[in-house]
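Chain by chain, the residues:
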Amino acid sequence: MARRPFLPAAALAAFLAPALGAPLLAPHPLSAQMTKADVAGWLDARAEHLTDVAMRIWDLAEVGYMEKESSALLAGELEAYGFRVTRGVAGIPTAFVAEYGSGKPVIGVLGEFDALPGINQDRVPTRQPIEGKQAGHACGHNLFGTASSAAAMAAAEWLKSTGHAGTIRFYGTPAEEGGSGKVYMVRAGLFDDVDVVISWHAGDRNDASPGSNLAVKSAVFRFSGVSAHAAASPDRGRSALDGVEAFDFMANLMREHVPQETRIHYVITDGGSAPNVVPDHAEVYYYVRHPDSETVRSIFDRLVKAAEGAAAGTGTTMAYEVVGGAYARLPVVALQELVYKNLKAVGGVRYDDEERAFANALKKTLPAEPALETVTEIQPFAFEQTYASSDAGDVSWTVPTGTLSTATWVPGTTSHSWQAVAADGVSIGAKGMMVAAETLAFTAVDLFSDASQVAAIQAEFRERRGPDFRYQPLLGDRDPPLDYRVSVIR
Ligand SMILES: [Zn+2]
């Protein structure tokens, strides 16, 4: 194939245009028994049950590394179908791998199921938290895990019916939100024999464009000082909060001297307890992001220097702990073309009258654009740079990884909002979930049917990754922070 070097957004967009007209897949003479229409029918017949599973995970709303019941529910579904399930992989109790079939190719499907702390909302189109509930599915991971496991089962059904060689493997991946769960699974070598990975995410539109996002590295910086009476003997004290504040000040000055697309954000997670006590402990939690992983590494190192300088200048000491890290997503255009073709074939989301009324009510709390009708459309195929991060980035540098988003949310909804929680808990979210399940299942069928397509995807992947690439997790060699949601790790 023609050389396709990794290009910046504008140049990549330019070379995408001719690729769109290229033929995608040749039909395979052997895959006659179960057609894609049959695969869709198989999934449609299970829509009610799948919705029930997704809504149970929505109700559970378990946060990162604590998704005991959600993980068990999905693993149990796959096991009941006939998948071989291995639980507790990569040193993470809620991570699991479930596979069906044998031989090559090995197609992986990613499934998340963690909720977000500090946000919850009832299944209504106006702001209404559920009293006493600590977390909510504000990123649609209740739909994510369910659709991906359903797609894996549909692909298994197709393998069974056609007698094709191949392995479909579902990855139950915990703690996407800040816990970098997939990174530990990549580091443990769980993706080493996989040919292609497919994934998706909840969204407010149907899109299978070959985009990228931001690499991230996060850490908690802890300052230690000497406590004293803040009025009677301040000269005896050394304030750990001064250390944090001096550090934050330097980090904020640094913003002028970092590359344009850098993001640096922090929260002070411990600033002392009382103004009349000089705090002997203070702590600040930082994220650094940029489209390029190596740039993230170097900005993070400068941040550490600032923290060291702040400690020296305030007479305190500092120690930091890396909490998370992820690569930016590496897109593979040939794989996205395949996902896009299948998303087009499946089509968008169509609301019934009740859903339209719910969406219209929710829309009153959202921007007018994009219009509700966009849920029925598929977004044009074009390079997209987004500004969040995902631990799926590390998977995408290990195995060619394709993805899509579907309209599980009312247009104009952002992730991590109460409007997302609301839609994730009703049939609007479930309809988007079924679009994703069918698109992923179709894509798996295509990959099993045509070895040359898999080879072309892998060739492009190797080309983009470059010959000198060596995987070095941004989070280093730390163990999974299994208690990061109990308290910020101390
Ligand atoms: Zn998410």
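Up top is the structure.
Here the structure is a predicted model, which is why all the values come from computation and not from measurement.

This part takes up the pattern of salt bridges. Under the definition given, this model contains 20 salt bridges. With its nearest N and O atoms 2.8 Å apart, the salt bridge here joins Arg169 to Glu99. Remark: Glu99 occurs in strand β2 (residues 96-102) and Arg169 occurs in strand β6 (residues 166-172); sequence separation between them is 70 residues. The shortest N-O distance in the salt bridge between Asp446 and Lys341 comes to 3.4 Å. On the criterion of sequence distance, the pair formed by Asp446 in helix α14 (residues 427-449) and Lys341 in helix α10 (residues 333-346) is long-range, its members being 105 residues apart. Since its relative accessible area comes to 6%, Asp446 is described here as buried. A residue is classified by how much of its surface remains accessible, and Lys341, at 26% relative accessible area, is partly exposed. Among the charged side chains, a salt-bridge network with shared partners connects Arg84, Glu99, Arg169 and Asp193.

Another point: the sheet that holds strand β7 (residues 196-198). An order of β1-β2-β6-β3-β7-β13 is seen for the 6 strands of this open sheet, with the pairing classed as mixed. Across the chains shown, the open sheet's two edge strands, defined by having one partner strand only, are β1 (84-87) and β13 (401-402). For strand β3 (residues 106-111) and β6, the ladder comprises 6 bridges, and the chain directions are parallel. Bridge pairing links Gly111 to Gly172 in β6.

Between two packed helices, the angle of one axis relative to the other and the distance separating the axes together describe the packing. One way to put it is that helix α5 (residues 141-162) packs onto α14 with a least axis distance of 8 Å and a crossing angle of 35 degrees. In the packing of α5 onto α14, the handedness of the crossing is right-handed. Touching Leu143, Thr146, Ala147, Ser148, Ala150, Ala151, Ala154, Ala155, Trp158 and Leu159 of α5 are Gly429, Ala430, Met433, Ala436, Ala437, Leu440, Ala441, Ala444, Val445, Phe448 and Ser449, all from α14. Taken together, the residues of the contact of α5 with α14 break down into 17 nonpolar, 4 polar and no charged.

Next up on the list: the coordination of the zinc ion. Taken together, Cys139 (SG), His141 (NE2) and His201 (NE2) make up the full set of protein donors to the zinc ion, lying 2.1 to 2.3 Å away. In primary sequence terms, the donor set of the zinc ion follows C-x1-H-x59-H. Taken together, the residues span a long stretch of sequence, with Cys139 in the loop between β5 (135-136) and α5 and His201 in strand β8 (residues 201-203) at a distance of 62 residues. For Cys139, a relative accessible area of 8% corresponds to the buried category. When its relative accessible area of 23% is taken as the criterion, His201 is described as partly exposed.

Moving on to the pairing of β2. As paired strands, β1 and β2 are joined by 4 bridges and run antiparallel to one another. In the strand pairing of β2, Arg87 is matched with Phe96. Pairing geometry for β2 and β6, over 7 bridges, is antiparallel. Residue Phe96 lies in a different strand from β6, and its bridge partner there is Gly172.

On to unusual backbone geometry, then. In this model, Lys104 is joined to Pro105 through a cis peptide bond whose omega is -5 degrees. Relative to the helices and strands, Pro105 is located in the loop between β2 and β3. Between Glu369 and the following residue, Pro370, the backbone shows a cis peptide bond with an omega angle of -5 degrees. Checked against the element boundaries, Pro370 lands in the loop between α11 (353-363) and α12 (392-396). We note that Tyr65 has phi near 65 degrees; this positive angle belongs to a residue other than glycine. Tracing the backbone shows Tyr65 in the loop between α3 (47-60) and α4 (68-81). The exposure class assigned to Tyr65 is buried, which follows from its relative accessible area of 6%.

Moving on to helix α15 (residues 451-465). In this model α15 runs 21 Å from its N-terminal to its C-terminal C-alpha over 15 residues, within 8% of the 21 Å that 1.5 Å per residue would give. Looking only at α15, the buried set comprises Gln453, Val454, Ile457, Gln458, Glu460, Phe461 and Arg464. Looking down the long axis of α15, one finds its buried residues gathered within 160 degrees of arc, a one-sided arrangement. Seen from the open side of α15, the exposed residues pointing more than 90 degrees away from its buried face are Ala451 and Arg462. In the stretch just after α15, Gly466 is the one whose phi turns positive, near 90 degrees.

Another aspect to go through is the packing of helix α2 (residues 36-44) against α14. One can describe the packing of α2 onto α14 by two numbers: an axis separation of 10 Å at closest approach and a directional angle of 145 degrees. Our pair here, α2 against α14, has a crossing hand that is right-handed. Where α2 abuts α14, its residues Lys36, Val39, Ala40, Leu43 and Asp44 lie against Met434, Ala437, Glu438, Ala441, Phe442, Val445 and Asp446. When the residues that make up the contact of α2 with α14 are grouped by side-chain class, the tally is 8 nonpolar, no polar and 4 charged.

Working definition: an aromatic ring pair is given by the centre-to-centre distance plus the angle between the planes. Taken as a whole and judged by the stated rule, the model has 24 aromatic pairs. Measuring from centroid to centroid gives 5.6 Å for Phe83 and Tyr100, while their planes differ by 45 degrees, and the two rings are tilted. With Phe83 in the loop between α4 and β1 and Tyr100 in strand β2, this pair connects stretches of sequence that are 17 residues apart. Here Phe83 and Tyr100 have matching classes, each one buried. When the centroid spacing of 5.5 Å and the interplanar angle of 40 degrees are considered together, the rings of Tyr327 and Tyr471 count as tilted. Placement of Tyr327 in the loop between β12 (317-326) and α10 and of Tyr471 in the segment after α15 is noted, with a sequence separation of 144 residues between them. When its relative accessible area of 23% is taken as the criterion, Tyr471 is described as partly exposed. Through a chain of ring-to-ring contacts, the aromatic side chains of Phe221, Phe223, Phe247, Tyr266, Tyr286, Phe300 and Tyr320 assemble into a single cluster. Between Arg46 and the ring centre of Trp42, over which it is positioned, the NZ or CZ distance is 3.8 Å. Between Lys133 and the ring centre of Trp58, over which it is positioned, the NZ or CZ distance is 4.7 Å.

The rules behind each value
Residues numbered from 1 in each chain as written. Predicted model: local features only at pLDDT ≥ 70, side-chain atom pairs only at ≥ 80, totals over all residues. Heavy atoms only, no water. Salt bridge = Lys/Arg side-chain N within 4 Å of Asp/Glu carboxyl O. Helix = DSSP H or I, 4+ residues; strand = E, 2+ residues; numbered from the N terminus. Buried < 20%, exposed > 50% of the residue type's maximum accessible area, 1.4 Å probe, protein only. Pairing = 2+ DSSP bridges. Axes fitted to C-alpha atoms, helices over the stretch in contact; angles between N-to-C directions. Left-handed = near helix turned anticlockwise from the far one by under 90°. Contact = heavy atoms within 4.5 Å. Nonpolar A, V, L, I, M, F, W, Y, C, P; charged D, E, K, R; others polar. Donors = N, O, S within 2.8 Å, 3.2 Å for Na, K, Ca; no water. Expected span 1.5 Å × (residues − 1). Arc of directions from axis to C-beta. Phe/Tyr/Trp six-rings, centres within 6.5 Å; stacked < 30°, edge-to-face > 60°. Lys NZ or Arg CZ within 6 Å of the ring centre and 35° of its normal.

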